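This is what each chain is made of:
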Amino acid sequence: MDNFQLCLQALRDGDVIAYPTEGVFGVGCDPDNPQAIEKLLTLKQRPVEKGLILIAASYLQLLPYIDESQLSAEQLATIHATWPGPVTWVMPASQKVSSWVSGQFDSIAVRVTDHPLVQQLCNAFGKPLTSTSANLTGLPPCMTTEQVEQQLGEHLPAILRGETGGRNKPSEIRDAKTGQILRQG
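Read on for an overview of the structure. As the structure is a prediction and not an experimental result, all values here were calculated from the model. (Residues numbered from 1 in each chain as written. Predicted model: local features only at pLDDT ≥ 70, side-chain atom pairs only at ≥ 80, totals over all residues. Heavy atoms only, no water.)

1. Describing the overall build of the chain
- Secondary structure summary: the chain contains 7 helices and 9 strands in total.
- Relative to the globule expectation of 16 Å for 185 residues, the C-alpha radius of gyration of the chain, 15 Å, shows essentially globular dimensions.
- Seen along its three principal axes, the alpha-carbon backbone of the chain occupies a region of about 45 × 30 × 30 Å.
- Every one of the 185 residues in the chain was classed for burial, and the buried ones make up 51%.
- Excluding contacts between residues fewer than 6 apart, the proportion of contacts in the chain whose partners are at least 24 apart in sequence is 67%. (Helix = DSSP H or I, 4+ residues; strand = E, 2+ residues; numbered from the N terminus. Rg over C-alpha atoms; globule rule 2.2 N^0.38 Å. Buried < 20%, exposed > 50% of the residue type's maximum accessible area, 1.4 Å probe, protein only. Contact = heavy atoms within 4.5 Å.)

2. With respect to the sheet that holds strand β7 (residues 158-159)
- Read from one edge to the other, the open sheet built from 9 strands follows the order β7-β1-β2-β6-β3-β5-β4-β8-β9, with strand pairing classed as mixed. The open sheet has two edge strands, β7 and β9 (181-183), and neither has a second partner.
- Taken together, the 2 bridges between strand β2 (residues 25-28) and strand β6 (residues 129-133) define a ladder with antiparallel strand orientation. From the neighbouring strand, Gly26 faces β6, where its bridge partner is Ser133. (Pairing = 2+ DSSP bridges.)

3. Looking at the pairing of strand β1 (residues 17-20)
- Here β1 shows a buried face lined by Ile17 and Tyr19 and a second buried face lined by Ala18 and Pro20.
- Relative to β2, β1 runs antiparallel, the two sharing 4 bridges. By the bridge assignment, Ile17 is partnered in β2 with Gly28.
- Once β1 ends, the chain turns through 4 residues before running back antiparallel as β2.
- Pairing of β1 with β7, which is carried by 2 bridges, proceeds in the parallel orientation.

4. Structural notes on the pattern of salt bridges
- Scanning all chains against the criterion turns up 7 salt bridges.
- As a salt-bridge pair, Asp30 and Lys127 come within 2.9 Å of each other at their nearest N and O atoms. Taken together, the residues Asp30 in the loop between β2 and α2 (34-44) and Lys127 in the loop between α6 (116-125) and β6 connect sequence positions 97 residues apart.
- Measuring nitrogen to oxygen at the nearest pair gives 2.4 Å for the salt bridge that ties Glu172 to Arg174.
- Because the salt bridges share partners, they merge into one network encompassing Asp30, Asp32, Lys96 and Lys127. (Salt bridge = Lys/Arg side-chain N within 4 Å of Asp/Glu carboxyl O.)

5. Some points on unusual backbone geometry
- With omega at -10°, the peptide bond leading from Trp83 into Pro84 counts as cis.
- In this structure, Pro84 sits in the loop between α4 (73-80) and β4 (87-92).
- In the Ramachandran plot, Gln45 falls in the positive-phi region, its phi being about 55° despite a non-glycine side chain.

6. Some points on the environment of Thr21
- Its place among the elements puts Thr21 in the loop between β1 and β2.
- By relative accessible area, which is 4% here, Thr21 ends up buried.
- The spatial distance from the C-alpha of Thr21 to the C-alpha of Gly162 is 9.3 Å, given a sequence separation of 141 residues.
- Excluding residues within four positions of it along the chain, Thr21 makes contact with Gly26, Ile55, Arg111, His115, Val118, Ser131, Thr164 and Gly165.

Right, here's the structure in full:
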């Protein structure tokens, strides 16, 4: 089984994998599988209240998780103008989103990636992945496969081998309703 198929199978099996994104390596899993998310939060030593980002190959993959009715056409146009790309938007969450993903919020952070490997993975998996930086809490995010193996390798069944998109920091995060920048990219 090649590296890509190994990662895809791990996702289907409810496991956590690491993968390159636009700026840093991310770790993620199936956003609809609470056991997988629990593994991810344990691995990251991350509190469930913080919530997770969803990363997808297309806006269509994100639609089931978003309540578009709370956003204007103008707000949606602003969002779509930044995708695919390294901008994450905090949008109203749909009923489908569990608190495992949204944390303590009634919103969800989502991004349509422009990273070709992640697009390929999301398309093969048929839906978005959760995405949080590949590092243990308090350590800097991993930028290479080797760094992921050193920090997290013993806990991960699969790491999607590849290069990050060349940015040197995590994605910018903006609020879809206000346009406010919540995290500088």
